[in-house]
Amino acid sequence: MCGITGYTGVNQAGPILLDGLKRLEYRGYDSAGIAVRGDDGIKMLKATGKVSHLVEKYNETPDFLGVCGIGHTRWATHGIPNDTNAHPHLSADGKFAVVHNGIIENFAEIRSELQKYGIEFKSETDTEVIVQLLAYNYNGNFKLALMKTIARLEGSYAIGVISADHPGTIYAAKLSSPLIIGLGIGENFFASDITALVNNTKNVIDMDDGEVAEITPDGVKFFDHAGREINKDIRHITWDVAAAEKSGYEHFMLKEIMEQPQALKATIEPRVKDAEEIVLEELKNLDMKRFNRIHITACGSAYHAGCVGRGILEALCRVPVEAEVASELRYRDPIMDAKTLVIVISQSGETADTIAAMKECRSKGATLLAIVNVVGSSIAKLADYCLYTWAGPEIAVATTKGYTTQVVLLAMFAVWAAGEMKTISRGAYISLVKDIIRLPERAQRALDLNSRVKTMAERYNSNSSLFFIGRNMDYAVALEGSLKLKEISYIHSEAYAAGELKHGTIALIEPGRLVVALCCYEKLLDKTISNIQQVKARGARVLAVAHEGNRSIFREADDVLTVPVTDPLLVPVIEIIPLQLFAYYVAKLNGCDIDKPKNLAKSVTVE
Ligand code: G6P
């Protein structure tokens, strides 16, 4: 969702801000804007739609000059997407401009108060109150006015503000919305997301809730909520620009699908000792024997990874495990206590519903373990324990390597936990570790299906509605395969537990309807095959995904994609790969905007 960035230095801010905004596009947005402190005050440019429209406007405005500025991509919450509601917002006196991520919950109250003083509002946004209140509080001291302003704000914000009176200075502040400072030489930056900064600097500082940063070309000072100066640690980013760029692929999604062997390696290798021991340094103080139940919560694909995790954890640890979407759990008054471990899963680490569910679980005394990709994100910080997937930046809205690395990390955690709880034999433990180590190579072999999957997509892309069926682990994969297809190709599909089809949904099976049958969980293969026969008898076409060497499936299905054999509990990591490619090629054939599907956002920071 919304992205913000800012620059102060000696170079023209415009191109730097526009480059940052392009890198933030993947988060999802519907308008964009920039503001700079020029020679004669603050100048602004805004555009509805893509950042490319804003670039066109910038190119047509040669006097848009200034070496200090802020930029924003907006995903509309309060007010329709148009140029007036797009950020930055300017105070009525023209002295301040602000960009904001998050939601100001008490904006209506502040706005009516300011309106009583005769201040006129231009937009319908919650954000405009920040800049109007700031101008109202200002009496020559920028920092003081900002501190006074943010003390009034309720809700969530990451903001960047420039002032006509203070050339070269930006103030940034945060509460429950991510904000990072980038350090350069003679220039400094801020952004909501590292991807906006990675072209300019590798040295960053993560801001914490309640903090304020004073950013000038010569340095950055940090203050706590009371205005006292504080010291902050610098973090060095290890990934390079290429990791956040397409590296020759047509789409980020395809690049990220193809990167899965390396991403899985990055998740697995540092955590395996002597090819037989799982070492989770981050959890050395976590006593698994304390827990008598586990809850897993997350949203979207991360929830689907959680559905896989539930199966693995129950199978290995023999404790009851529940998996539930965070938007439900947060309002369900769940039954949990100090003996409950809650595992939260999130690629971005910023999903609002997941954060709210964590807070609810914490209030009940549960221990929170997060599985997160983005280092230093809100969820990582809020949790008691955190395991990073280390998958590298994921830019495409539809997650791929984010999901597979979450699944493998859940599997590693389950094996480790079973070892701690003594619910697994040494032989089974070592055998699973060996299978985990081989996942990157097997993922690579699954990727070799690329051209065959493309052919399947060409064969089946005209289906307007289809089903994904499977049992146990295969069902968990069906959920994710179906979501992938829906979100990027806009084709309706449904995931069904294969055995449940006959209880109603089979009525929708008609001649030519495509059913994707997942057949890698071999313990229940016979059962799935009879479900295939049931849909075939009603005229369905069946595309099966099965293990290499499975001959029987060729007699049953119209087409088969075979993937390398792996342990039944690890099946999802490999089996999802052809389904990711299938969704990708179907979406491509249908001319969809694959990396930025309509109505979706990468990081969903609102409820
Ligand atoms: C959005 C994304 C999904 C993602 C979900 C959870 O809906 O489009 O791809 O699975 O949020 O995001 P998280 O960052 O918490 O994994």
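This structure is a prediction, so every number in the text was calculated from the model and none was measured. (Residues numbered from 1 in each chain as written. Predicted model: local features only at pLDDT ≥ 70, side-chain atom pairs only at ≥ 80, totals over all residues. Heavy atoms only, no water.)

**Q** Just to check I follow, could you spell out the packing of helix H1 (residues 13–24) against helix H2 (residues 51–59) for this structure?
**A** As a packed pair, H1 and H2 sit with axes 10 Å apart at the nearest point and diverge in direction by 170°. The angle between H1 and H2 places the two elements in the roughly antiparallel class. Contacts from Gly14, Pro15, Leu18, Leu21 and Lys22 in H1 reach Val51, Leu54, Val55 and Tyr58 in H2. For the contact of H1 with H2, the residue count by class is 7 nonpolar, 1 polar and 1 charged. (Axes fitted to C-alpha atoms, helices over the stretch in contact; angles between N-to-C directions. Helix = DSSP H or I, 4+ residues; strand = E, 2+ residues; numbered from the N terminus. Parallel < 35°, antiparallel > 145°, perpendicular 65-115°, else oblique. Contact = heavy atoms within 4.5 Å. Nonpolar A, V, L, I, M, F, W, Y, C, P; charged D, E, K, R; others polar.)

**Q** Before we go on, may I ask you to explain the pattern of salt bridges in this structure?
**A** Side chains that differ in sign of charge can pair as their charged atoms come close. Taken as a whole and assessed by the stated rule, the structure comprises 36 salt bridges. In this structure, Asp165 engages Lys95 in a salt bridge whose closest nitrogen and oxygen atoms are separated by 3.5 Å. Taken together, the positions of Asp165 in the loop between strand E7 (157–163) and strand E8 (170–175) and Lys95 in the loop between strand E5 (89–90) and strand E6 (96–101) put the pair 70 residues apart, joining distant regions of the chain. For Asp165, a relative accessible area of 37% translates into the label partly exposed. The class of Lys95 is partly exposed, set by a relative accessible area of 28%. With a closest N to O distance of 2.9 Å, Lys232 and Asp208 form a salt bridge. With Lys232 in the loop between strand E14 (229–230) and strand E15 (235–236) and Asp208 in the loop between strand E11 (203–206) and strand E12 (212–216), this pair connects stretches of sequence that are 24 residues apart. Since its relative accessible area comes to 29%, Asp208 is described here as partly exposed. Salt bridges here are not isolated pairs; linked through shared partners, they connect Asp208, Glu211, Lys232 and Lys381. (Salt bridge = Lys/Arg side-chain N within 4 Å of Asp/Glu carboxyl O. Buried < 20%, exposed > 50% of the residue type's maximum accessible area, 1.4 Å probe, protein only.)

**Q** Hey, could you run me through the environment of Ser348 in this one?
**A** Mapping Ser348 onto the fold places it in the loop between strand E20 (340–346) and helix H10 (352–363). For the pair formed by Ser348 and Asp559, sequence separation is 211 residues and the distance between their alpha carbons is 36 Å. Not counting the four nearest positions on each side in its chain, Ser348 is found in contact with Val374, Ser377 and Ser603. Among the polar contacts made by the side chain of Ser348, one reaches the main-chain amide nitrogen of Glu350 at a distance of 3.1 Å. Among the polar contacts made by the side chain of Ser348, one reaches the side chain of Thr351 at a distance of 3.5 Å. (Polar contact = N/O pair within 3.5 Å; in protein donor to acceptor, adjacent residues only side chain to side chain.)

**Q** Which parts of the structure should I look at to understand the site of the ligand?
**A** The full set close to the ligand counts 13 residues, and Ser301, Ser346, Gln347, Ser348 and Thr351 are the nearest of them. In the environment of the ligand, an oxygen atom lies 2.6 Å from a nitrogen or oxygen atom belonging to the side chain of Ser348. In the environment of the ligand, an oxygen atom lies 3.3 Å from a nitrogen or oxygen atom belonging to the backbone of Val397. For the ligand, whose accessible area on its own is 390 Å², the fraction buried by protein is 89%. Residue classes in the shell around the ligand are distributed as 5 nonpolar, 7 polar and 1 charged. (Near = heavy atom within 4 Å. Areas by Shrake-Rupley, 256 points an atom, 1.4 Å probe, with all protein chains shown as cover.)

**Q** It is not clear to me how the sheet that holds strand E9 (residues 180–183) should be interpreted in this structure. Could you clarify?
**A** Pairing between sheet strands relies on hydrogen bonds along the backbone, with the strands arranged either parallel or antiparallel. Reading across from one edge, E3-E2-E4-E1-E10-E9-E11-E15 is the order of the 8 strands in this open sheet, with antiparallel pairing throughout. Either end of the sheet is taken by a strand with one partner, and the two such strands are strand E3 (41–48) and E15. Both strand E2 (residues 31–38) and E3 contribute to a ladder of 8 bridges, which runs antiparallel. The residue of E3 that forms the bridge with Val36 is Lys43. Most of the contacts of H1 go to E2, to which it runs at about 155°, and overall it touches strand E1 (3–8), E2, strand E4 (68–74) and strand E10 (188–191). Sheet strands in contact with H2 are E2, E3 and E4, and its direction is about 135° off that of E3. (Pairing = 2+ DSSP bridges.)

**Q** What is the right way to read the sheet that holds strand E13 (residues 219–223) from this model?
**A** If you walk across this open sheet you meet the 7 strands as E5-E6-E7-E8-E12-E13-E14, and the pairing is antiparallel. In this open sheet, the two strands that pair with only one neighbour each are E5 and E14. Helix-sheet contacts for helix H5 (residues 142–152) involve E6, E7, E8, E12 and E13, and the interaxial angle to E7 is about 150°.

**Q** Which parts of the structure should I look at to understand the pairing of E1?
**A** Side chains on a regular strand alternate between the two faces of the sheet. Burial of E1 is extensive: 6 of the 6 residues sit out of reach of the surface. By the alternation rule, side chains of E1 split into Gly3, Thr5 and Tyr7 and Ile4, Gly6 and Thr8, which are all buried. Sheet topology note: the E1/E4 ladder contains 6 bridges and is antiparallel. Counted as the bridge partner of Gly3 is Thr73 from E4. The pairing of E1 with E10 spans 4 bridges and is classified as antiparallel.

**Q** Just checking my understanding: could you explain the side chain of Glu575 for this structure?
**A** Position of Glu575 relative to the elements: it lies in helix H19 (residues 571–589). It is Arg471 that comes nearest to the buried, bridge-free Glu575 among opposite-charge side chains, at 12 Å. Among the polar contacts listed, one links the side chain of Glu575 to the backbone nitrogen of Cys520, at a separation of 3.4 Å. Those residues in contact with Glu575, other than ones at most four positions away along the chain, are Asp474, Val477, Leu518, Cys519, Cys520 and Val545. (Lys, Arg positive; Asp, Glu negative; His and termini not counted.)

**Q** Mind showing me how you'd approach the domain arrangement of the protein chain here?
**A** Interface size is commonly expressed as the accessible area that is lost once the parts come together. Taken domain by domain, the protein chain holds domain 1 (3–244), domain 2 (252–437) and domain 3 (453–589). When each unit is reduced to the centre of its C-alpha atoms, the spacing between domain 1 and domain 3 is 46 Å. (Domains from an automatic or database assignment.)

**Q** Which parts of the structure should I look at to understand helix H17 (residues 525–536)?
**A** Helical geometry: 3.6 residues make up each α-helical turn, so side chains three or four residues apart lie on a common side. Here H17 spans 16 Å end to end across 12 residues, near enough to the 16 Å set by a 1.5 Å rise per residue. Buried residues of H17: Leu525, Thr528, Ile529, Asn531, Ile532 and Val535, and no others. Projected down its long axis, H17 shows its buried positions confined to an angular sector of 160°, all on one face. In this fold, the buried residues of H17 make contact with strand E23 (465–470), strand E25 (514–519), strand E26 (541–547) and helix H18 (552–556). (Expected span 1.5 Å × (residues − 1). Arc of directions from axis to C-beta.)

**Q** Please explain the environment of Ala196 as it appears in this structure.
**A** Mapped onto the fold, Ala196 is located in the loop between E10 and E11. What makes Ala196 buried here is its relative accessible area of 3%. When the C-alpha positions of Ala196 and Leu18 are compared, they lie 9.7 Å apart, and in sequence the two are 178 residues distant. The residues contacting Ala196, other than those within four sequence positions of it, are Thr5, Gly20, Arg23, Leu24 and Ala191.

**Q** Explain the packing of aromatic side chains here, please?
**A** Here the distance between the centres and the angle between the planes together describe a pair of aromatic rings. Summed over all chains, the structure comprises 8 aromatic pairs. Here Tyr7 and Phe189 contribute two aromatic rings whose centre-to-centre distance is 5.3 Å and whose plane-to-plane angle is 50°, an arrangement assigned as tilted. Note that Tyr7 is positioned in strand E1 and Phe189 in strand E10, a separation of 182 residues in sequence. An identical accessibility class is assigned to Tyr7 and Phe189; each is buried. Arranged with centres 4.6 Å apart and planes meeting at 75°, the rings of Phe142 and Tyr171 form a pair that is edge-to-face. (Phe/Tyr/Trp six-rings, centres within 6.5 Å; stacked < 30°, edge-to-face > 60°.)

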